[in-house]
Amino acid sequence: MAKVKNVFRINNITIRQMLAEALSTFILMDFGLSCVAQVVLGKGSVGQYLSINIAFGIGVTLGIYAAGKISGAHMNAAITITQCVLGNISPKTAVAYVFGQFLGSFLAAAAVFALYYDALYAYTNGSFTVTGPTATAMIFSTYPASNVSLPGAFFSEFTATVMLMLGILVITDEKNNAAVKGAQPMLTGILVVGIGLGMGLNTGYAINPSRDLPPRIFTAIAGWGMEVFSADHCWWWIPVTAPTLGSLFGVLLYKLCIEFHIPPEAEPEKDEAGTETSQL
């Protein structure tokens, strides 16, 4: 195995990270999209909305466990762009991350399409549509509820992504009360489940350009046509821009309310000592 490892091991760190993002995003999307397909094509008999939330949460958890040590397992272009703006990764690395995420997401959509092709064909009688009683485009990408305006949809995606970023920072910030490393992936998965349970009605909580845009491109190619981009007043750009802005605002909000006020490491020790003395 050592010889095989030496043959296939990639020395370029950026390519390693790109592959890690591709696989982790594939895991996330394969779990999530296959569950949506099962719920829609099974007409609710083999799953419900809660099933979808749990499946995406499991996908997030396993994706982080898979790629966390190599790339940090962003699996989300909004998070990658935010990390680039903060100076934590270079623009070159950010491009590699997003490419990997889009590749993994696109391939996951293709895998789910192949997995459920027979069921899709039977459900739609061979006519893949974006709207109507046998619409199936929403298996792969998000679409807003019929009673939600574009501004309302934008605000919904923005707010949900703010909560996503706040939750991630609360879970992972080592300067604050971060969760233990081994539990962070599971807690992040639970965070995504919580967002779905509370903020999914309006738009289906994309909260991630890498979750929404590549499968939308796939559906345009695979038979649904360009209506996937023109439907709902050209809604497609909102799951791309709103999560990105929400992620940036979430970091700003966390810094203003929490991070800037965390005392230096030496100060908590003094406080603890004082507390212990007073207790004695």
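Our structure is the block above this text.
Residues numbered from 1 in each chain as written. Predicted model: local features only at pLDDT ≥ 70, side-chain atom pairs only at ≥ 80, totals over all residues. Heavy atoms only, no water.

1. A few points about the overall build of the protein chain
The helix and strand inventory of the protein chain stands at 12 helices and 0 strands. In sequence order, the secondary structure elements of the protein chain are arranged as α-α-α-α-α-α-α-α-α-α-α-α. Across its three principal directions, the C-alpha atoms of the protein chain cover 75 × 55 × 35 Å. Expressed as a percentage of the 280 residues in the protein chain, the buried residues total 46%. (Helix = DSSP H or I, 4+ residues; strand = E, 2+ residues; numbered from the N terminus. Buried < 20%, exposed > 50% of the residue type's maximum accessible area, 1.4 Å probe, protein only.)

2. Brief notes about the side chain of T219
On the secondary structure map, T219 appears in helix α9 (residues 209-224). Beyond its immediate sequence surroundings of up to four residues, T219 is in contact with F140, W224, G225 and V228. (Contact = heavy atoms within 4.5 Å.)

3. Looking at the packing of helix α3 (residues 49-67) against helix α8 (residues 184-199)
Between α3 and α8, the shortest axis-to-axis distance is 8 Å and the interhelical angle comes to 155°. Considering the angle they form, α3 stands roughly antiparallel to α8. Considering the relative orientation of α3 and α8, their crossing is right-handed. Residues Y49, L50, N53, I54, F56, G57, V60, T61, I64 and Y65 of α3 form the contact with α8, whose participating residues are P185, M186, T188, G189, V192, V193, G196 and L197. A class-by-class count of the residues in the contact of α3 with α8 yields 12 nonpolar, 6 polar and no charged. (Axes fitted to C-alpha atoms, helices over the stretch in contact; angles between N-to-C directions. Parallel < 35°, antiparallel > 145°, perpendicular 65-115°, else oblique. Left-handed = near helix turned anticlockwise from the far one by under 90°. Nonpolar A, V, L, I, M, F, W, Y, C, P; charged D, E, K, R; others polar.)

4. Examining unusual backbone geometry
A positive phi angle, close to 55°, is found at K43, a residue other than glycine. Position of K43 relative to the elements: it lies in the loop between α2 (13-41) and α3. The phi angle at N125 is positive, at roughly 60°, despite the residue not being glycine. With respect to the secondary-structure elements, N125 resides in the loop between α6 (117-124) and α7 (150-172). Exposure remark for N125: the relative accessible area of 67% places this residue in the exposed category.

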